[in-house]
Amino acid sequence: MTKTDIRILGVPMGIGGEKPGAAGGPRQAREKAVVERLSEALDHARVEDAGDVLPDQRECASRLEETGRWCEALKRRTAELAHDHIRPLVIGGDHTLAAGSIAGVATAHHAREDAIPGVLWIDAHVDMNTHETTPSGNPHGMSAAALLGLEVEHLSDVVGVEGRIDPKRIAFVGARDIDPGEQRHIEELGLAVFSSEMIHREGVEKTVEDAMKVVSPNGEPFMVSFDVDVIDPEFAPGVDTAVPGGLTPRQIQDTMSLVGEHGQIVAIDAVELNPETDLDERTSELMIQSLLALLQANAKGASAGD
Ligand SMILES: [Mn+2]
């Protein structure tokens, strides 16, 4: 059954972050048997590891240009997969890569005149800076902005017009570190943000339900961009930009299971795993368990709907 096929792409890119350690994320995930564990859990799905995606080797004048090069290569791959109705599971690598992975899937949907899928952005950050508003200068904080049509040097060129996503169909879940420029962009575009504080106060179930009303109000296909820094650094220290007040392991598992039940996930990113700052492989283990929860719930929903 083609529609349940999952193709894993590693993107060992770390230059878009504060520290380069996220480049080791795909290797760490494979060492922890991500491919075998997902295959075993999803008995009717074919999970294949398609290896790493690498940019071409031309000289780059800036970090944004170099991240753009990576995103360009990734966009080509996810567009091909989405064209063939195969679901990319992109393991990063820093979160800049979403400007390539998501734009590729959106472009494929655009080409066959399907609606552009919604996006659930699970992250401590909203990644809504442009190169003009960014306090850190780090490209991994600009990918959502580029996908939503804000002008970001190099990344906007990769996204193009047909790779853009709909501001009315994206929800940010778990956010707790929003810069002033990002807040302005959120208000200008009218974006839906569900903070980690909201999850702690109102519970996972209510928050996910409200977020999914934005992303997939009538069960439409959607993408999940999962930044492991949404989990509290006490439990997931292996990230680049740790922010306290995050989700507990229980909360992220429940979030993933509930999201998976909505069905029709067409692409997944799992990003920002930094093995260099991890302790006892806690973060990679939580990342894999979260993906298992998401995809197992999704497989159940898919077979129930057939
Ligand atoms: Mn992020």
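The structure contained in this document is the topic of the report that follows. Predicted, not measured: the structure shown is a model, and the values here were computed from it.

### Points about the overall build of the chain
- Looking only at helices and strands, the chain has 11 helices and 8 strands in total.
- Here the chain has a C-alpha radius of gyration of 17 Å; the compact-globule value for 306 residues is 19 Å, and the two agree.
- A burial count over the chain gives 55% of its 306 residues as buried.

### Side note on the pairing of strand β1 (residues 6-11)
- Burial analysis of β1 places 6 of its 6 residues in the buried class, which makes it a mostly covered element.
- Here β1 shows a buried face lined by I6, I8 and G10 and a second buried face lined by R7, L9 and V11.
- Bridge count between β1 and strand β2 (residues 47-52): 4 bridges; the pairing is parallel. In the sheet register, G10 faces β2, and the bridge partner there is D52.
- Here 6 bridges tie β1 to strand β3 (residues 87-92), and the two strands are oriented parallel to one another. Within β3, the position partnered with V11 by the bridge is G92.

### Quick notes on helix α10 (residues 249-260)
- The end-to-end C-alpha separation of α10 is 16 Å, in line with the 16 Å expected for 12 residues at 1.5 Å each.
- Burial in α10 covers these residues: Q251, I252, T255, M256, V259 and G260. Relative to the axis of α10, the buried residues are bounded by an arc of 160 degrees and lie together on one face.

### Looking at the nonpolar core
- Residues I102, L120 and L147 are the most contacted members of the largest nonpolar core, which totals 94 residues.
- Take this core: its biggest share by element is 9 residues, from helix α11 (residues 282-305).
- Dropping the residues within four chain positions of it, L120 is found in contact with A171, V173, A211, V215, F222, V224 and V259.

Cut-offs and rules
- Residues numbered from 1 in each chain as written.
- Predicted model: local features only at pLDDT ≥ 70, side-chain atom pairs only at ≥ 80, totals over all residues.
- Helix = DSSP H or I, 4+ residues; strand = E, 2+ residues; numbered from the N terminus.
- Rg over C-alpha atoms; globule rule 2.2 N^0.38 Å.
- Buried ≥ 20, exposed ≤ 12 C-beta atoms within 10 Å, placed from the backbone.
- Pairing = 2+ DSSP bridges.
- Expected span 1.5 Å × (residues − 1).
- Arc of directions from axis to C-beta.
- Core = buried A, V, L, I, M, F, W, Y, C linked by C-beta atoms within 7 Å.
- Contact = placed C-beta atoms within 7 Å.

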